[in-house]
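Single-letter residue listing:
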Amino acid sequence: MNSNKIKAFGTAAADADLKELNIERRELTATDIEIEILYCGVCHSDLHTARNDWGGTKYPAVPGHEIVGRITHIGSAITKFKVGDLAGVGCLVDSCRTCESCKKDLEQYCLTGFTGTYNGKDKHLGGHTFGGYSEKVVVDEHFVLKIPTTLDLAAVAPLLCAGITTWSPLKHWNVKEGSKVAVVGLGGLGHMAIKLAKGLGAEVTLFSRTAEKTADAKALGADEVIISTDAKQMKSVNGKFDLIIDTVPYVHDVNPYVSTLNNSGTLVLVGYLGELDPMLNSVPLILGRKSVAGSLIGGIAETQEMLDFCGKHNIVSEIEIINMQSINEAYARMLKSDVKYRFVIDMASLRNSE
Ligand code: NAP
Ligand code: ZN
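Residues numbered from 1 in each chain as written. Chains lettered and ligands numbered in written order. Predicted model: local features only at pLDDT ≥ 70, side-chain atom pairs only at ≥ 80, totals over all residues. Heavy atoms only, no water.

Read across the sheet, six strands follow the order S12-S11-S10-S13-S14-S15 without closing on themselves; strand pairing throughout is parallel. Sheet topology places strand S12 (224–227) and strand S15 (291–294) at the edges, where each strand pairs with a single neighbour. With direction set aside, neighbouring strand axes in the sheet form an average angle of 20°. Alignment of strand S13 (residues 241–246) against strand S14 (residues 261–269), held across five bridges, turns out to be parallel. (Pairing = 2+ DSSP bridges. Helix = DSSP H or I, 4+ residues; strand = E, 2+ residues; numbered from the N terminus. Axes fitted to C-alpha atoms, helices over the stretch in contact; angles between N-to-C directions.)

In terms of burial, strand S11 (residues 203–208) is a largely internal element, five of the six residues being buried. Handedness of the crossover joining strand S10 (residues 180–184) and S11 through helix H5 (residues 188–199): right-handed. With four bridges connecting them, S11 and S12 associate as parallel partners. For Phe207, the partnering residue across the bridge sits in S12 and is Ile226. Between S11 and its parallel partner S12, the chain crosses via helix H6 (residues 214–220), and the hand of that crossover is right-handed. (Buried < 20%, exposed > 50% of the residue type's maximum accessible area, 1.4 Å probe, protein only. Right-handed = clockwise from strand over helix to strand, strands pointing away.)

Attention now moves to unusual backbone geometry. Note that the residue after Tyr59, namely Pro60, is joined by a cis bond; omega there is 0°. Mapped onto the elements of the fold, Pro60 is located in the loop between helix H1 (44–50) and strand S4 (67–74). Omega for the bond connecting Asp277 with Pro278 falls within 30 degrees of zero, at 0°, which places this linkage in the cis form. Relative to the helices and strands, Pro278 is located in the loop between S14 and helix H9 (282–287). Residue Asn52 is not a glycine yet carries a positive backbone phi of 60°. When you line up the elements, Asn52 lands in the loop between H1 and S4. One non-glycine residue, Ile297, lies in the positive phi region at around 25°. Examined against the element boundaries, Ile297 turns out to sit in the loop between S15 and helix H10 (300–313). Take Ile297: its relative accessible area is 9%, and that puts it in the buried class.

Here we come to the packing of helix H4 (residues 162–172) against H5. In the contact formed by H4 and H5, the axes pass within 8 Å of each other and the chain directions differ by 50°. Of the possible angle classes, the one that applies to H4 and H5 is oblique. Two packed elements cross with a definite hand, and for H4 against H5 that hand is right-handed. For the pair formed by H4 and H5, the contact residues are Ala162, Gly163, Thr165, Thr166, Trp167 and Leu170 on the first element and Gly188, Leu189, Met192, Ala193, Leu196 and Ala197 on the second. Of the residues in the contact of H4 with H5, the class split is eight nonpolar, four polar and no charged. (Parallel < 35°, antiparallel > 145°, perpendicular 65-115°, else oblique. Left-handed = near helix turned anticlockwise from the far one by under 90°. Contact = heavy atoms within 4.5 Å. Nonpolar A, V, L, I, M, F, W, Y, C, P; charged D, E, K, R; others polar.)

What follows is the structure, encoded as C-alpha coordinates:
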(Lines give C-alpha, C1' and ligand atoms only; values in the text may rest on other atoms or scores of the structure.)
(Ligands and ions follow the chains in the order given, each with its own letter.)
Protein backbone atom coordinates (compact mmCIF):
# COMPACT_ATOMS: atom_id res chain seq x y z
CA MET A 1 0.00 0.00 0.00
CA ASN A 2 1.16 3.54 -0.70
CA SER A 3 2.07 5.61 2.32
CA ASN A 4 4.09 8.63 3.21
CA LYS A 5 6.67 9.38 5.82
CA ILE A 6 6.32 12.34 8.16
CA LYS A 7 8.06 13.76 11.21
CA ALA A 8 6.81 12.79 14.66
CA PHE A 9 8.00 12.73 18.27
CA GLY A 10 8.01 9.55 20.26
CA THR A 11 9.90 7.18 22.48
CA ALA A 12 11.62 3.85 21.80
CA ALA A 13 11.35 2.52 25.37
CA ALA A 14 9.62 3.15 28.70
CA ASP A 15 12.76 4.69 30.19
CA ALA A 16 13.90 6.67 27.14
CA ASP A 17 13.26 10.34 26.37
CA LEU A 18 10.94 11.28 23.53
CA LYS A 19 12.77 12.43 20.41
CA GLU A 20 12.15 13.14 16.76
CA LEU A 21 11.50 10.14 14.52
CA ASN A 22 9.73 9.31 11.26
CA ILE A 23 6.40 7.52 10.93
CA GLU A 24 4.12 6.63 8.04
CA ARG A 25 0.61 7.85 7.37
CA ARG A 26 -1.60 5.92 4.96
CA GLU A 27 -2.83 7.10 1.56
CA LEU A 28 -6.40 8.34 1.87
CA THR A 29 -9.29 5.95 1.33
CA ALA A 30 -12.59 7.38 0.02
CA THR A 31 -13.79 8.11 3.57
CA ASP A 32 -10.50 9.43 4.98
CA ILE A 33 -9.50 12.95 5.90
CA GLU A 34 -5.93 14.24 6.16
CA ILE A 35 -5.34 16.90 8.79
CA GLU A 36 -2.27 19.07 9.18
CA ILE A 37 -1.87 19.15 12.96
CA LEU A 38 -1.56 22.69 14.33
CA TYR A 39 -1.82 21.97 18.06
CA CYS A 40 -1.83 18.87 20.24
CA GLY A 41 -2.63 18.79 23.96
CA VAL A 42 -0.53 16.79 26.42
CA CYS A 43 -2.67 14.37 28.46
CA HIS A 44 -1.44 12.42 31.49
CA SER A 45 -2.43 9.31 29.48
CA ASP A 46 0.35 10.23 27.00
CA LEU A 47 2.84 9.97 29.87
CA HIS A 48 1.30 6.74 31.23
CA THR A 49 1.61 5.23 27.74
CA ALA A 50 5.13 6.48 27.00
CA ARG A 51 6.27 5.09 30.39
CA ASN A 52 4.27 1.84 30.01
CA ASP A 53 2.48 2.49 33.34
CA TRP A 54 -0.49 0.38 32.18
CA GLY A 55 1.58 -2.32 30.41
CA GLY A 56 1.01 -3.11 26.73
CA THR A 57 2.70 -0.05 25.22
CA LYS A 58 4.12 -0.76 21.77
CA TYR A 59 7.29 1.05 20.75
CA PRO A 60 8.09 3.37 19.21
CA ALA A 61 5.21 5.12 20.96
CA VAL A 62 3.97 8.41 19.51
CA PRO A 63 1.40 9.85 21.96
CA GLY A 64 -1.09 12.69 21.48
CA HIS A 65 -4.89 12.49 21.35
CA GLU A 66 -5.96 16.11 21.70
CA ILE A 67 -5.51 17.06 18.07
CA VAL A 68 -6.67 20.16 16.22
CA GLY A 69 -5.64 21.25 12.77
CA ARG A 70 -6.64 22.11 9.24
CA ILE A 71 -7.87 19.70 6.59
CA THR A 72 -5.37 19.35 3.75
CA HIS A 73 -6.88 16.46 1.70
CA ILE A 74 -10.19 14.60 1.64
CA GLY A 75 -11.23 11.25 0.21
CA SER A 76 -13.61 11.05 -2.76
CA ALA A 77 -16.69 10.20 -0.64
CA ILE A 78 -16.36 13.00 1.93
CA THR A 79 -19.35 15.34 2.11
CA LYS A 80 -19.31 16.80 5.64
CA PHE A 81 -15.86 18.41 5.47
CA LYS A 82 -13.84 20.30 2.89
CA VAL A 83 -10.18 21.18 2.43
CA GLY A 84 -9.30 24.19 4.58
CA ASP A 85 -11.80 23.43 7.37
CA LEU A 86 -10.63 23.23 10.97
CA ALA A 87 -10.96 19.73 12.41
CA GLY A 88 -10.32 17.82 15.61
CA VAL A 89 -9.41 14.25 16.53
CA GLY A 90 -9.65 12.87 20.05
CA CYS A 91 -8.83 9.50 21.57
CA LEU A 92 -10.65 7.31 19.02
CA VAL A 93 -9.86 6.79 15.33
CA ASP A 94 -11.93 3.67 14.63
CA SER A 95 -14.38 1.10 16.03
CA CYS A 96 -16.51 -1.69 14.52
CA ARG A 97 -19.49 0.68 14.11
CA THR A 98 -21.94 -2.23 14.07
CA CYS A 99 -22.07 -3.57 17.66
CA GLU A 100 -24.69 -2.55 20.22
CA SER A 101 -22.37 0.06 21.77
CA CYS A 102 -21.36 1.61 18.46
CA LYS A 103 -25.00 1.73 17.33
CA LYS A 104 -25.75 3.77 20.47
CA ASP A 105 -22.94 6.26 19.65
CA LEU A 106 -20.80 4.76 22.43
CA GLU A 107 -17.81 3.91 20.23
CA GLN A 108 -15.53 4.13 23.29
CA TYR A 109 -17.24 0.99 24.61
CA CYS A 110 -17.14 -0.85 21.24
CA LEU A 111 -17.68 -4.52 22.04
CA THR A 112 -14.84 -5.56 19.75
CA GLY A 113 -12.54 -2.83 21.08
CA PHE A 114 -12.07 0.67 19.69
CA THR A 115 -8.92 1.75 17.88
CA GLY A 116 -7.05 4.29 20.01
CA THR A 117 -5.47 7.28 18.29
CA TYR A 118 -2.15 5.92 19.55
CA ASN A 119 -1.02 2.47 20.66
CA GLY A 120 -4.09 0.97 18.93
CA LYS A 121 -4.06 -1.75 16.28
CA ASP A 122 -3.64 -0.07 12.88
CA LYS A 123 -6.17 -1.78 10.57
CA HIS A 124 -4.71 -0.11 7.46
CA LEU A 125 -0.92 -0.25 7.67
CA GLY A 126 -0.56 -3.03 10.25
CA GLY A 127 1.42 -2.45 13.45
CA HIS A 128 0.12 0.16 15.88
CA THR A 129 -1.36 3.64 15.55
CA PHE A 130 0.65 6.82 16.07
CA GLY A 131 -0.85 9.88 17.76
CA GLY A 132 -0.82 13.62 17.39
CA TYR A 133 2.79 14.41 18.26
CA SER A 134 3.27 14.48 14.48
CA GLU A 135 2.89 16.71 11.45
CA LYS A 136 -0.34 15.21 10.17
CA VAL A 137 -2.87 12.49 10.73
CA VAL A 138 -5.21 10.50 8.45
CA VAL A 139 -8.56 9.55 10.01
CA ASP A 140 -11.91 8.20 8.83
CA GLU A 141 -14.39 11.08 8.72
CA HIS A 142 -16.70 9.45 11.27
CA PHE A 143 -14.02 10.10 13.90
CA VAL A 144 -13.29 13.70 12.85
CA LEU A 145 -14.90 16.53 14.86
CA LYS A 146 -16.00 19.98 13.76
CA ILE A 147 -14.30 22.78 15.71
CA PRO A 148 -16.16 25.95 16.72
CA THR A 149 -14.44 28.76 14.82
CA THR A 150 -15.05 31.36 17.54
CA LEU A 151 -12.66 29.81 20.08
CA ASP A 152 -8.87 30.01 20.48
CA LEU A 153 -7.72 26.97 18.51
CA ALA A 154 -4.79 25.99 20.76
CA ALA A 155 -7.05 26.14 23.83
CA VAL A 156 -9.66 23.95 22.11
CA ALA A 157 -7.24 21.02 21.71
CA PRO A 158 -7.61 19.74 25.32
CA LEU A 159 -11.39 19.56 24.90
CA LEU A 160 -10.81 16.51 22.66
CA CYS A 161 -9.81 14.40 25.67
CA ALA A 162 -9.88 16.32 28.98
CA GLY A 163 -13.12 18.01 27.91
CA ILE A 164 -15.05 14.97 26.73
CA THR A 165 -13.80 12.71 29.55
CA THR A 166 -15.36 15.02 32.13
CA TRP A 167 -18.38 16.04 30.02
CA SER A 168 -19.53 12.45 29.50
CA PRO A 169 -20.04 11.61 33.23
CA LEU A 170 -21.57 15.04 33.89
CA LYS A 171 -24.18 14.27 31.23
CA HIS A 172 -24.63 10.59 32.07
CA TRP A 173 -25.32 11.40 35.74
CA ASN A 174 -27.64 14.20 34.67
CA VAL A 175 -25.87 17.22 36.13
CA LYS A 176 -27.99 20.32 35.78
CA GLU A 177 -28.78 23.69 37.37
CA GLY A 178 -28.23 23.36 41.14
CA SER A 179 -26.53 19.92 41.11
CA LYS A 180 -23.79 19.59 43.71
CA VAL A 181 -20.65 18.40 41.93
CA ALA A 182 -17.14 17.86 43.29
CA VAL A 183 -13.94 17.34 41.34
CA VAL A 184 -10.87 15.58 42.78
CA GLY A 185 -7.53 16.91 41.49
CA LEU A 186 -6.89 20.18 39.67
CA GLY A 187 -5.02 19.16 36.56
CA GLY A 188 -6.01 18.92 32.90
CA LEU A 189 -9.18 16.89 33.46
CA GLY A 190 -10.00 18.55 36.78
CA HIS A 191 -9.98 22.10 35.47
CA MET A 192 -12.20 21.15 32.53
CA ALA A 193 -14.58 19.37 34.91
CA ILE A 194 -14.95 22.58 36.91
CA LYS A 195 -15.61 24.69 33.82
CA LEU A 196 -18.07 22.25 32.24
CA ALA A 197 -19.97 21.56 35.48
CA LYS A 198 -20.25 25.32 36.03
CA GLY A 199 -21.41 25.70 32.43
CA LEU A 200 -24.22 23.24 33.19
CA GLY A 201 -25.26 25.32 36.21
CA ALA A 202 -23.89 23.12 38.99
CA GLU A 203 -22.49 24.22 42.34
CA VAL A 204 -18.86 23.04 42.15
CA THR A 205 -16.34 22.09 44.82
CA LEU A 206 -12.69 21.19 44.19
CA PHE A 207 -10.84 18.65 46.31
CA SER A 208 -7.10 19.28 46.02
CA ARG A 209 -3.93 18.31 47.86
CA THR A 210 -2.43 21.64 46.87
CA ALA A 211 -3.53 24.68 48.89
CA GLU A 212 -1.70 26.99 46.46
CA LYS A 213 -4.25 26.11 43.76
CA THR A 214 -7.18 27.60 45.72
CA ALA A 215 -7.23 31.01 44.02
CA ASP A 216 -6.91 29.46 40.55
CA ALA A 217 -9.73 27.02 41.25
CA LYS A 218 -12.02 29.85 42.26
CA ALA A 219 -11.04 31.83 39.17
CA LEU A 220 -11.92 28.78 37.08
CA GLY A 221 -15.38 28.76 38.65
CA ALA A 222 -15.16 26.56 41.76
CA ASP A 223 -17.49 27.77 44.52
CA GLU A 224 -15.47 26.06 47.22
CA VAL A 225 -12.06 24.39 47.64
CA ILE A 226 -11.45 21.60 50.15
CA ILE A 227 -7.88 20.61 50.94
CA SER A 228 -8.14 16.83 50.99
CA THR A 229 -5.35 16.33 53.54
CA ASP A 230 -7.22 18.46 56.12
CA ALA A 231 -9.61 16.18 58.06
CA LYS A 232 -11.63 19.10 59.42
CA GLN A 233 -12.25 20.51 55.96
CA MET A 234 -13.19 17.05 54.67
CA LYS A 235 -15.72 16.62 57.47
CA SER A 236 -17.34 19.95 56.62
CA VAL A 237 -18.63 18.50 53.31
CA ASN A 238 -19.83 15.15 54.66
CA GLY A 239 -22.90 13.91 52.75
CA LYS A 240 -22.93 16.85 50.34
CA PHE A 241 -22.38 15.80 46.74
CA ASP A 242 -24.60 14.32 44.02
CA LEU A 243 -21.61 13.52 41.82
CA ILE A 244 -17.84 13.42 42.33
CA ILE A 245 -15.45 13.19 39.38
CA ASP A 246 -12.13 11.76 40.61
CA THR A 247 -9.27 12.57 38.19
CA VAL A 248 -6.31 11.46 40.35
CA PRO A 249 -3.93 9.41 38.13
CA TYR A 250 -2.39 7.17 40.80
CA VAL A 251 -3.67 4.83 43.52
CA HIS A 252 -5.27 6.70 46.41
CA ASP A 253 -7.85 6.20 49.16
CA VAL A 254 -11.31 6.75 47.67
CA ASN A 255 -13.21 6.12 50.94
CA PRO A 256 -12.92 9.66 52.36
CA TYR A 257 -14.56 11.00 49.21
CA VAL A 258 -17.40 8.44 49.37
CA SER A 259 -18.26 9.94 52.78
CA THR A 260 -18.87 13.27 51.08
CA LEU A 261 -21.52 11.83 48.71
CA ASN A 262 -25.14 12.35 49.63
CA ASN A 263 -27.60 9.44 49.60
CA SER A 264 -27.76 7.93 46.08
CA GLY A 265 -24.70 9.94 45.07
CA THR A 266 -22.03 8.61 42.69
CA LEU A 267 -18.26 8.88 42.65
CA VAL A 268 -16.90 8.39 39.12
CA LEU A 269 -13.29 7.35 38.70
CA VAL A 270 -11.79 8.65 35.45
CA GLY A 271 -8.10 8.72 36.42
CA TYR A 272 -6.51 5.76 38.20
CA LEU A 273 -6.76 2.37 36.45
CA GLY A 274 -6.25 -0.63 38.71
CA GLU A 275 -7.07 -2.16 42.06
CA LEU A 276 -8.07 0.26 44.80
CA ASP A 277 -5.83 0.33 47.85
CA PRO A 278 -7.16 0.63 50.50
CA MET A 279 -10.22 -1.28 49.32
CA LEU A 280 -13.68 0.23 49.20
CA ASN A 281 -15.68 0.02 52.42
CA SER A 282 -19.17 -1.19 51.48
CA VAL A 283 -20.86 0.16 54.62
CA PRO A 284 -21.45 3.74 53.42
CA LEU A 285 -22.36 2.40 49.96
CA ILE A 286 -25.10 0.19 51.36
CA LEU A 287 -26.34 2.56 54.06
CA GLY A 288 -26.57 5.47 51.61
CA ARG A 289 -27.29 3.69 48.29
CA LYS A 290 -24.06 5.24 47.01
CA SER A 291 -22.16 4.15 43.88
CA VAL A 292 -18.54 4.12 42.83
CA ALA A 293 -18.36 4.01 39.04
CA GLY A 294 -15.96 4.58 36.17
CA SER A 295 -16.17 6.34 32.82
CA LEU A 296 -14.09 6.28 29.64
CA ILE A 297 -13.76 9.37 27.38
CA GLY A 298 -16.98 9.78 25.33
CA GLY A 299 -18.50 8.84 21.97
CA ILE A 300 -18.11 10.87 18.80
CA ALA A 301 -21.62 12.39 18.82
CA GLU A 302 -21.20 13.32 22.48
CA THR A 303 -17.79 14.87 21.75
CA GLN A 304 -19.40 17.03 19.04
CA GLU A 305 -22.16 18.01 21.49
CA MET A 306 -19.50 19.05 24.03
CA LEU A 307 -17.55 21.07 21.44
CA ASP A 308 -20.73 22.86 20.33
CA PHE A 309 -21.62 23.57 23.99
CA CYS A 310 -18.13 25.03 24.52
CA GLY A 311 -18.51 27.15 21.40
CA LYS A 312 -21.81 28.51 22.67
CA HIS A 313 -20.61 29.12 26.23
CA ASN A 314 -17.10 30.26 25.31
CA ILE A 315 -15.39 27.47 27.26
CA VAL A 316 -11.78 26.50 26.50
CA SER A 317 -8.85 25.04 28.41
CA GLU A 318 -6.26 27.07 30.34
CA ILE A 319 -3.06 26.31 28.49
CA GLU A 320 0.69 26.73 28.42
CA ILE A 321 2.02 26.45 24.88
CA ILE A 322 5.25 24.51 24.46
CA ASN A 323 7.49 23.44 21.61
CA MET A 324 7.58 19.78 20.64
CA GLN A 325 11.23 19.68 21.71
CA SER A 326 10.24 20.56 25.33
CA ILE A 327 8.02 17.52 25.82
CA ASN A 328 10.38 15.68 28.20
CA GLU A 329 10.51 18.68 30.56
CA ALA A 330 6.72 18.96 30.28
CA TYR A 331 6.30 15.33 31.39
CA ALA A 332 8.60 15.94 34.37
CA ARG A 333 6.52 18.96 35.35
CA MET A 334 3.26 17.04 34.91
CA LEU A 335 4.51 14.43 37.39
CA LYS A 336 4.99 17.24 39.91
CA SER A 337 1.45 18.59 39.19
CA ASP A 338 3.16 21.72 37.89
CA VAL A 339 0.85 22.41 34.94
CA LYS A 340 -1.55 25.32 34.60
CA TYR A 341 -3.60 23.52 33.47
CA ARG A 342 -2.76 21.82 30.19
CA PHE A 343 0.35 21.83 28.04
CA VAL A 344 -0.41 22.26 24.35
CA ILE A 345 2.26 21.66 21.74
CA ASP A 346 2.58 24.19 18.92
CA MET A 347 3.18 21.74 16.10
CA ALA A 348 4.94 24.37 13.96
CA SER A 349 7.96 23.64 16.20
CA LEU A 350 8.10 20.10 14.78
CA ARG A 351 7.30 21.10 11.22
CA ASN A 352 10.02 23.77 11.22
CA SER A 353 12.71 21.67 12.93
CA GLU A 354 15.92 21.07 10.96
P1 NAP B 1 -2.89 15.89 35.41
O2 NAP B 1 -3.07 17.11 34.59
O3 NAP B 1 -1.53 15.43 35.77
O4 NAP B 1 -3.77 16.12 36.75
C5 NAP B 1 -3.88 15.19 37.78
C6 NAP B 1 -4.15 15.90 39.10
O7 NAP B 1 -4.41 14.90 40.10
C8 NAP B 1 -2.98 16.70 39.63
O9 NAP B 1 -2.95 18.01 39.13
C10 NAP B 1 -3.22 16.69 41.14
O11 NAP B 1 -4.11 17.71 41.50
C12 NAP B 1 -3.97 15.38 41.37
N13 NAP B 1 -3.16 14.36 42.04
C14 NAP B 1 -3.48 13.75 43.19
N15 NAP B 1 -2.58 12.85 43.56
C16 NAP B 1 -1.64 12.85 42.61
C17 NAP B 1 -0.42 12.15 42.45
N18 NAP B 1 0.00 11.21 43.31
N19 NAP B 1 0.33 12.45 41.38
C20 NAP B 1 -0.06 13.38 40.49
N21 NAP B 1 -1.24 14.08 40.60
C22 NAP B 1 -2.01 13.81 41.66
O23 NAP B 1 -3.59 14.63 34.72
P24 NAP B 1 -4.81 14.61 33.66
O25 NAP B 1 -4.29 14.75 32.29
O26 NAP B 1 -5.88 15.48 34.17
O27 NAP B 1 -5.26 13.08 33.77
C28 NAP B 1 -5.75 12.55 34.99
C29 NAP B 1 -5.91 11.06 34.88
O30 NAP B 1 -7.01 10.77 34.01
C31 NAP B 1 -4.71 10.32 34.26
O32 NAP B 1 -4.53 9.11 34.96
C33 NAP B 1 -5.14 10.04 32.84
O34 NAP B 1 -4.51 8.92 32.27
C35 NAP B 1 -6.61 9.79 33.06
N36 NAP B 1 -7.47 9.93 31.88
C37 NAP B 1 -8.56 9.12 31.81
C38 NAP B 1 -9.44 9.23 30.77
C39 NAP B 1 -10.67 8.39 30.73
O40 NAP B 1 -11.25 8.24 29.65
N41 NAP B 1 -11.14 7.86 31.83
C42 NAP B 1 -9.20 10.17 29.77
C43 NAP B 1 -8.10 11.00 29.89
C44 NAP B 1 -7.23 10.87 30.95
P45 NAP B 1 -4.03 18.46 42.94
O46 NAP B 1 -2.68 19.09 42.99
O47 NAP B 1 -5.15 19.42 42.84
O48 NAP B 1 -4.25 17.43 44.00
ZN1 ZN C 1 -6.24 11.90 27.28
